[in-house]
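Next come the chains, spelled out residue by residue.
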Amino acid sequence: MRVLDGIRIVDFTRHMAGPFATLVLADHGADVIKVESLEGDSSRTGGADKLGDQSALFLLWNRGKRSLSIDMRTAEGKALVLDLIREADVLVENYRPGVADRIGIGYAAMAELNPRLVYCSVSAFGPQAALRDAPGTDPVVQATSGIVSLTGERGRDGVLVGAPIADFTGAMYAVQAILLALLARERTGRGQHVEVPMLFGVLSMLTTRLGTYWASGEDPERFGSAHAVHVPYGAYRTADGQAMAGTYGGESWPKFARAIGLPELLEDPRFATGALRREHRDALAAIIEPVFAQRTTEDWRARFAAEGALFAPVLTLSEILSHPQVEEAGLVQTLQHPTAGAIPQIGPPISMSETPPAIDRHPPLLGEHTDEVLREAGCDDATIARLRAAGVVR
């Protein structure tokens, strides 16, 4: 048993934020019907990387779903999709605000069709007038949100976060919104419209930097790999790599000083408090950085472990994917795909003792489940053959 068994989701999303949200829901048992045009989700052919003959991005965002390839511009295609929505629990779309209304699947019409429907809209900026019609992708949202201005080295231009944080945050808030609305429906019997602007999701993450801004009235600085508040705390070059080490209050500063072999720093009045260490961060860095360069990362790991001080090597993807912590958890899993063969996936990160998630479907081929879904909607084989011959479905 999985917690969302019996929940049917009609998924009109493309690219990452929407598809990753419905992937999470599929891992937990939801029946996700991915409604695609006859050409398919553009991420099927997007990106430069392939796993076998398939887009690596599509394969990472769409496991666990069934693909219905249908032309909604035709009257029959539209009617079939509306039949699915009429019986669904959730509809998810990530069109620009207003597009769903124009193509006839906007919230007002769908709520009238199915009053119990949870309708989730994921967008770059939300329905507010100022940016409502602006196109938005993850880098654009990162730039608009302020996170680019906070990321990067001091004295240099801001940079993107190295992962699609705006898309991913939007996906996670969409999952939360859908689950909250389903819980509300259990209590009220009614669905509702939930809106998830990626911009607002990123803004909600900026708590530490917002604290600085609201306290001082000034835009926070960039500090590269160093912590904005706790000093010392950052990435240091070692003799053979890079490591993250630092302090976070309490006894962490004495532990750090002893771990690097400089207990005399504890007697230096410039570094006596957290506020003073922030004030003299450059002077402290000038002392610490040459010391880290004298030993290997493993040497430092052992010394920091002996003191119980905060430390981690800076790992590459290949290193973390083969790390015992990840291997023991079985997080990296493999699915068999009909044309791409064995494809790797990061499995569900949430563990549940009574209703564990699972990966039970490969990312679908375009239209792989068209016949199956249409039969469930009441179409017989002759009708399906006629629809395919007419170009309504693939």
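Scope of this entry: the structure provided in the associated data block. (Residues numbered from 1 in each chain as written. Predicted model: local features only at pLDDT ≥ 70, side-chain atom pairs only at ≥ 80, totals over all residues. Heavy atoms only, no water.)

**Topic: a nonpolar patch on the surface**
How we decide: Patches here are clusters of residues that have more than 30% relative accessible area and form no salt bridge, with a 9 Å joining cutoff for like charges and a 5 Å cutoff for nonpolar side chains (Val, Leu, Ile, Met, Phe, Trp, Tyr). To measure how exposed things are, a 1.4 Å probe is used in the Shrake-Rupley method; for residues, cover is taken only from the protein chains shown. Salt bridge, as applied in this entry: a Lys or Arg side-chain nitrogen positioned within 4 Å of an Asp or Glu carboxyl oxygen. The secondary structure listing takes helices from DSSP runs of H or I that are at least 4 residues long and strands from runs of E that are at least 2 residues long, numbered from the N terminus.
Nonpolar side chains collect at one region of the surface, where L315, L317, I320, L321, V332 and I346 lie side by side and expose about 510 Å² of accessible area between them. Looking at which element gives the most residues to the nonpolar patch, the answer is helix α14 (residues 317–321), with three residues. With respect to the helices and strands, the residue V332 is situated in strand β12 (residues 332–337).

**Some words on the pattern of salt bridges**
Spelled out, the test is: Per-residue accessibility, obtained with a 1.4 Å probe over protein chains only, is compared with the maximum for each type, and a residue is labelled buried under 20%, exposed over 50%, and partly exposed between these values.
In this structure the tally under the stated criterion is 22 salt bridges. Here R73 and D71 are joined by a salt bridge, their closest N and O atoms 3.0 Å apart. For D71, a relative accessible area of 12% gives the class buried. Residue D282 is joined to R154 by a salt bridge in which the shortest nitrogen-to-oxygen separation is 2.7 Å.

**A short note on the packing of aromatic side chains**
What counts here: Note on ring pairs: Phe, Tyr and Trp rings are taken, using the six-membered ring of Trp, and paired if centres are within 6.5 Å. Classes follow the plane angle, with under 30 degrees stacked, over 60 edge-to-face and the rest tilted.
Per the stated rule, a full pass over the model turns up 10 aromatic pairs. Summarising the aromatic geometry, the rings of F256 and F304 are spaced 5.6 Å apart at their centres and angled 80° between planes, so their arrangement reads as edge-to-face. In this pair, F256 sits in helix α10 (residues 252–259) while F304 sits in helix α13 (residues 297–307), placing the two residues 48 residues apart along the sequence. This pair shows no difference in class: F256 is buried, exactly as F304 is. When the centroid spacing of 5.2 Å and the interplanar angle of 35° are considered together, the rings of F304 and F311 count as tilted.

**Here we look at the packing of α10 against α13**
Where we set the bar: Convention adopted: a line fitted to C-alpha atoms gives each axis, helices being fitted over their contacting stretch, and angles between N-to-C directions are expressed from 0 to 180 degrees. Any angle between 65 and 115 degrees counts as roughly perpendicular, while under 35 counts as roughly parallel, over 145 as roughly antiparallel, and the rest as oblique. Definitions for this section: a left-handed crossing has its near helix turned counterclockwise from the far helix by less than a right angle. A right-handed crossing has that turn clockwise. For this analysis, residues touch if any pair of their heavy atoms sits within 4.5 Å. Any residue that is not Ala, Val, Leu, Ile, Met, Phe, Trp, Tyr, Cys, Pro, Asp, Glu, Lys or Arg is counted as polar, Gly included; the first ten are nonpolar and the last four charged.
Where α10 contacts α13, the two axes come as close as 9 Å, and the packing angle between them is 140°. Taken as axis vectors, α10 and α13 run oblique relative to one another. Judged by the twist between their axes, the crossing of α10 over α13 is right-handed. Where α10 approaches α13, its residues K255, F256, R258 and A259 are matched on the opposing element by W300, R303, F304 and E307. Of the residues in the contact of α10 with α13, the class split is four nonpolar, no polar and four charged.

**Description of the layout of surface pockets**
Threshold: Two kinds of site are reported from a 1 Å grid over the protein atoms alone, namely cavities, where a 1.4 Å probe fits but cannot get out, and pockets, open sets with protein on both sides within 12 Å along at least five of seven lines, and residues are called lining when an atom falls within 4 Å of a point. Grid points are joined across faces, edges and corners, and a volume is the space filled by probe spheres set on the points.
Considering only enclosed or pocket space, the largest pocket measures out at about 1,100 Å³ in volume. Taken together, 34 residues line the largest pocket, and the ones lying closest to its centre are F20, F168, I346, G347 and P349. Counting only elements with at least two residues in the lining of the largest pocket, the list comes to α1 (17–27), α2 (56–61), α7 (165–188), α14 and β13 (341–346). In terms of residue class, the lining of the largest pocket is made up of 29 nonpolar, three polar and two charged.

**Structural notes on the pairing of strand β7 (residues 118–123)**
Formally: Strand pairing follows a simple DSSP-based rule, namely that at least 2 bridges must link the two strands.
Along β7, six of the six residues are buried, which leaves the element largely enclosed by surrounding structure. Looking at chain direction, strand β6 (residues 90–93) and β7 are connected through four bridges and run parallel. The residue bridging L91 from the neighbouring strand is Y119, located in β7. Sheet analysis places β7 next to strand β8 (residues 193–197), joined by five bridges and oriented parallel. Each bridged residue has a counterpart across the sheet, and for Y119 the counterpart in β8 is H193.

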